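So you can see what is in the structure, the chains are spelled out below.
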Amino acid sequence: MSALLLVWAVLLHSGISSYLASGEMAWRHCTDLRPLDILSEVVPASGVKSGIRMLQVQGARGFQFSASARHVLSFPASQIFLYCDLFPEEFSIIITLKVLRVPPKKNEYIFTMMKEESNMVLVGLRYSLNKLHFLFWSRGPSNGWQTRVTFQGISLTDNQWHTLILAVSGQSFSLTVDCSIPIDIVVDTPFPTSLAVTGSSFYVGSRRRRKGLFMGLLRQLVLLPGSDATSRMCTNMNFKLAVLSIPPVLQDLSVKPAKYPYETDMKVTLGSQPPCTKHEKAQFWFNTSRKGLYLCNGSAWIVMLEVKERLDYVEEYQNLMTNSETMGIEIFVIPKVGLFAATANRYTPPGSAIYKWTDGKFLSYQNIPTYQAQSWRYFTIGKKIFLAVANFEQNERGQEFSVIYKWSYRTETFFPYQKITTHSARDWEAFDIEGEVFLAVANHRKGDNHNINSVIYRWNPKTRLFEANQTIPTSGAYDWEFFTIGPYSFLVVANTFNGTSTKIYSHIYIWLGGSFQLFQSILTFGAADWEAFHIGDRIFLAVANSHSYDSGTVVPNNYYTINSSIYELNITAQMFVKFQDLLTYSALDWEFFSVGEDSFLVVANSFDGFTFSVNSVIYRWQGYEGFAVAHRLPTFGCRDWEAFHTPAGSYLIYSSAREPLSKVLKLKTI
């Protein structure tokens, strides 16, 4: 902050500002540092005005303006600058909008401040395809000129709400979109220190003429004098709809937004679940068995109103005999084909298997040769469907690799697509960052060396193959978990063993500048799994600690009875802090799931130091109390849990690493 701004802030705090006029010093009360809600100045309290339409989209309301409203969407600048005729020298502009399609070479003005007697734009903001332009008038000794600051690569036409924060200070201009990394620009011409607003007016959504009218939805338009608003805005998880000040009518749920054309021709279907395609879009379905009302969005049924279920108890539903002991299970749905479960089985032959949910049961569908398979990962790239297996051992020829399989729409089976060299692979994680697809493999060890690189692969759309993109040093890596917080992408690794100890650090990485960089290290004890989940706006990470061993210390009474921990993101500290410890028995997996409005965690307890017959536990979220025991489930060598849903109800399935039997459990609700 400049020295001038500091002086200005002190004067404002005292309620006065000074300016020099006609050769003598005069004192007048000037604007304070409160937000100036420009949008509220042009919108009546009821939200009803000719040329203004209030719409609700994606759970948020905004205004759409017609060309006929450009004159009524204006007001004199003196209406908000009550005691001062100068525009702030340093300020932020906060905008929340939803941009519709913008044709090439077309500009749409979000707002302007213009001189009444001319077409001079004193201050303005306009959007063109992938660009945002900030305009201001600079005055020289004898004349003036308009300066334009352009931010490139600002893509807003994705049919989503976005919040923009433009911070201006002298020659520095900074744009933050959805609380992501700011784009900073320094220009030769600074924003003027004494831009007079006398005889000027604000125009919302235009520059006072039909050409350049903003055709999208506007939810927030605020001028905040004297500071960068980013720290005030980026304090919760809903970055795209961050609020500093919006018109009250946009918050009042009792006010009905404008109707869409289809609202006059609603249809409601009763009975079993009907198809939801573009032909059924905007139609309703009432599920009589679950007493729920659903809306078709063109591809899936969205819950509109539903009686909230509560978990009562868990019952055994199906004993699924597997090819051999099962190290992991992957549940996935192939559109228009069905629900599947892929089991990662220990021995070859017969390898691993894929099961299809048929008539309320999993039935064998396809066998795939694997080599001590540890896990499967399902993912898609466009319309292409893939399934990657992590092989732990070499094949009969002494070759060690994991395999990516691709779905054949013709045969409706998976076939080998790409082999990737791995080293005792434990896990694959698939994720998407800014439209690019990645696969991360957890390499556990190479021979007896556990301190090796795990690899992140990037999909090359030209070769249509995955190619090595980044290596990350790991120690006995067991699991990768990808998650996002607002615009940021994270990847956390579960490090299990460094050759001498299981008491080692597991690491969280953040995606910055085209690669993953270390974000935070957390001490773990034979970490076997991370589970990322959120409850409301709160973000959590749960680690499954499997055992505590250190070759240099006295042998403990029990390696395996050990706390596993839940961490919560502290936004202020910008790090995960421990939230709760839960006693576990060689925990190998966490699974988060919900029933109605209740949230649950189930842990895979595998061994207590004496027996593999150990209860796994379902914990219920109890708010201030954290997670509390809800159900104890008898399991044998439990290795993995997965939750899934069908029209008939909700289920859990667990795999056993000690017997060729997995169990499907049904969640009974009330």
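Calculation criteria
- Residues numbered from 1 in each chain as written.
- Predicted model: local features only at pLDDT ≥ 70, side-chain atom pairs only at ≥ 80, totals over all residues.
- Heavy atoms only, no water.
- Helix = DSSP H or I, 4+ residues; strand = E, 2+ residues; numbered from the N terminus.
- Buried < 20%, exposed > 50% of the residue type's maximum accessible area, 1.4 Å probe, protein only.
- Contact = heavy atoms within 4.5 Å.
- Areas by Shrake-Rupley, 256 points an atom, 1.4 Å probe, with all protein chains shown as cover.
- Patch = residues over 30% accessible without salt bridge, like charges linked within 9 Å, V, L, I, M, F, W, Y side chains within 5 Å.
- Salt bridge = Lys/Arg side-chain N within 4 Å of Asp/Glu carboxyl O.
- Core = buried A, V, L, I, M, F, W, Y, C linked by side-chain atoms within 4.5 Å.
- Polar contact = N/O pair within 3.5 Å; in protein donor to acceptor, adjacent residues only side chain to side chain.
- Pairing = 2+ DSSP bridges.
- Axes fitted to C-alpha atoms, helices over the stretch in contact; angles between N-to-C directions.
- Disulfide = S-S within 2.5 Å.

Novice: Run through the overall build of the chain, naming residues and quoting values.
Specialist: Each helix and strand counted, the chain has three helices and 50 strands in total. In the chain, which comprises 670 residues, the proportion classed as buried is 53%. Long-range contacts, defined as pairs at least 24 residues apart, comprise 50% of the intrachain contacts of the chain with a sequence gap of at least 6. Surface summary for the chain: the accessible area is close to 30800 Å², and the carbon and sulfur share equals 52%.

Novice: Which residues make up the environment of D228, and what are the values?
Specialist: In this fold, D228 is placed in the loop between β18 (217–225) and α3 (230–233). Between the C-alpha atoms of D228 and F91, which are 137 residues apart in sequence, the distance is 6.6 Å. Residue contacts for D228: discarding those within four places in its chain leaves S92, I165 and A167.

Novice: Quick rundown of a nonpolar patch on the surface? Include the residues and the values.
Specialist: On the surface, I302, M304 and L305 cluster together to form a nonpolar patch covering roughly 290 Å² of accessible area. Examined against the element boundaries, M304 turns out to sit in strand β22 (residues 301–306). A relative accessible area of 45% places M304 in the partly exposed class.

Novice: Explain the nonpolar core to me, and be specific about the residues and the numbers.
Specialist: In this structure, F87, F134, F191, F202 and L218 are the most contacted members of the largest nonpolar core, which totals 55 residues. Apart from the residues within four sequence positions on either side, F202 is in contact with I38, L73, S74, F75, A77, I80, F81, F87, F111, T112 and M113.

Novice: Tell me about the environment of H645, and name the residues and values.
Specialist: When you line up the elements, H645 lands in strand β48 (residues 638–646). In contact with H645, not counting residues within four places along its chain, are S594 and S650. A polar atom in the side chain of H645 sits 2.7 Å from the side chain of S650.

Novice: Got a sec to walk through the pattern of salt bridges? Specific residues and values, please.
Specialist: Tallied over the entire structure, the rule returns eleven salt bridges. Measuring nitrogen to oxygen at the nearest pair gives 3.9 Å for the salt bridge that ties K106 to E108. Relative accessible area serves as the criterion here: at 32%, K106 is assigned to the partly exposed category. A salt bridge links R458 to E436; the nearest nitrogen and oxygen atoms lie 2.5 Å apart. Here R458 is found in strand β34 (residues 451–460), whereas its partner E436 is found in strand β33 (residues 436–443), with 22 residues between them in sequence. Residue E436 is classed as partly exposed on the basis of its relative accessible area, which comes to 34%. Put simply, E330, R377, D427 and E429 are held in one network by salt bridges that share partners.

Novice: An account of the pairing of strand β44 (residues 587–595) is needed here, citing residue identities and associated values.
Specialist: Among the nine residues of β44, eight are classified as buried, and the element is accordingly described as predominantly covered. Joining the antiparallel neighbours β44 and strand β45 (residues 598–605) is a turn of two residues, in which G596 adopts a positive phi near 60°.

Novice: Which residues make up the sheet that holds strand β42 (residues 561–570), and what values do they have?
Specialist: Pairing is antiparallel in the open sheet, where four strands are placed in the order β40-β41-β42-β43. Pairing within the sheet leaves two strands with one partner each, and these edge strands are β40 (527–535) and β43 (575–585). The mean inter-strand angle of the sheet, taken between neighbouring strand axes irrespective of direction, is 20°.

Novice: Explain the state of the cysteines residue by residue, including any values.
Specialist: Evaluated as defined, the whole model comprises two disulfides. Cysteine pairing in the chain follows 1-2, 3-4, where each cysteine in a disulfide is numbered by its order in the sequence.

Novice: Tell me about unusual backbone geometry, and name the residues and values.
Specialist: Omega for the peptide link from T348 to P349 comes to -10°, which places this bond in the cis form. For the bond from P349 to P350, the omega torsion is 10°, close enough to zero to count as cis. Relative to the assigned elements, P350 resides in the loop between β25 (338–345) and β26 (352–358). Although it is not a glycine, C179 adopts a positive phi angle of roughly 60°. By the secondary structure assignment, C179 is in the loop between β14 (172–177) and β15 (183–186). We classify C179 as buried; its relative accessible area is 8%. Non-glycine residue Q372 carries a positive phi angle of around 50°.

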